[in-house]
Amino acid sequence: MKVLCDIYRSPKKEGMYLYVDKREGTARVPKNLLELFGSPQHVTTMLMTPERKLARANADKVLQEVRVQGYYLQMPPVADSEMREIALKNSKLQR
């Protein structure tokens, strides 16, 4: 499966990115998430394939989430070891 993805960065949180299908844009992204994310700032458009190498995300997972829920939210890296341990225990932060 291949998807042409638009990638946006958050003006509110350094390291937070939103991947969406270019054809749909942010139409399927929940309004409350967009409010927290801030006005999306376009970074690039990329052909996403399962084999694609990404710096901080798994391309296959990105594709799956874009297809199922309409977006993939890449969270910033965890800052310290204590927070990293909490993040590993919290499935909501493992996206």
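Attention in this report is confined to the structure presented alongside it.

Rules used in this analysis
Residues numbered from 1 in each chain as written. Predicted model: local features only at pLDDT ≥ 70, side-chain atom pairs only at ≥ 80, totals over all residues. Heavy atoms only, no water. Buried < 20%, exposed > 50% of the residue type's maximum accessible area, 1.4 Å probe, protein only. Helix = DSSP H or I, 4+ residues; strand = E, 2+ residues; numbered from the N terminus. Pairing = 2+ DSSP bridges. Phe/Tyr/Trp six-rings, centres within 6.5 Å; stacked < 30°, edge-to-face > 60°. Core = buried A, V, L, I, M, F, W, Y, C linked by side-chain atoms within 4.5 Å. Contact = heavy atoms within 4.5 Å. Axes fitted to C-alpha atoms, helices over the stretch in contact; angles between N-to-C directions. Polar contact = N/O pair within 3.5 Å; in protein donor to acceptor, adjacent residues only side chain to side chain.

1. Quick word on the pairing of strand E1 (residues 3-9)
When you tally the buried positions in E1, you get 5 out of 7 residues, the bulk of the element. Sheet topology note: the E1/strand E3 (residues 41-48) ladder contains 7 bridges and is antiparallel. Of the residues in E3, the one forming a bridge with Asp6 is Thr45. Direction of pairing for E1 relative to strand E2 (residues 17-21): antiparallel, over a ladder of 5 bridges. Bridge assignment links Arg9 to a residue of E2, and that residue is Tyr17.

2. A word on the packing of aromatic side chains
Any pair of aromatic rings gets described here by the distance separating the centres and the angle formed by the planes. Here the structure, examined in full by the defined rule, presents 1 aromatic pair. Plain terms: the ring middles of Tyr19 and Tyr72 are 5.6 Å apart, the flat faces sit at 70° to each other, and that makes the pair edge-to-face. Of this pair, Tyr19 sits in strand E2 while Tyr72 sits in strand E4 (residues 72-74), placing them 53 residues apart in sequence. Owing to a relative accessible area of 6%, Tyr19 belongs among the buried residues under this scheme.

3. Re the nonpolar core
Within soluble globular proteins, side chains that are nonpolar generally end up buried alongside one another. Judged by nonpolar contacts, the single largest core of 13 residues is most densely connected at Tyr19, Met48, Leu54, Val62, Val66 and Tyr72. The dominant element in this core, judged by the number of residues it contributes, is helix H2 (residues 59-69), at 4 residues. Excluding its chain neighbours within four sequence positions, the residues that come into contact with Met48 are Met1, Lys2, Val3, Cys5, Tyr19, Leu54, Ala59, Val62 and Leu63. Residues Tyr8, Leu18, Val29 and Leu34 belong to the second largest nonpolar core, which totals 10 residues.

4. Quick word on the sheet that holds E2
Taken in spatial order, the 4 strands line up as E3-E1-E2-E4 in an open sheet, and their pairing is antiparallel. The sheet is open, and its two borders are formed by E3 and E4, each paired with just one other strand. Shown here is a sheet whose adjacent strand axes are inclined to one another by a mean of 25°, direction ignored.

5. Brief notes about the side chain of Ser10
Here Ser10 shows up in the loop between E1 and E2. A distance of 3.2 Å separates a polar atom in the side chain of Ser10 from the backbone nitrogen of Lys13.

Note that every value here comes from positions in space, so none of it alone points to a role or purpose.
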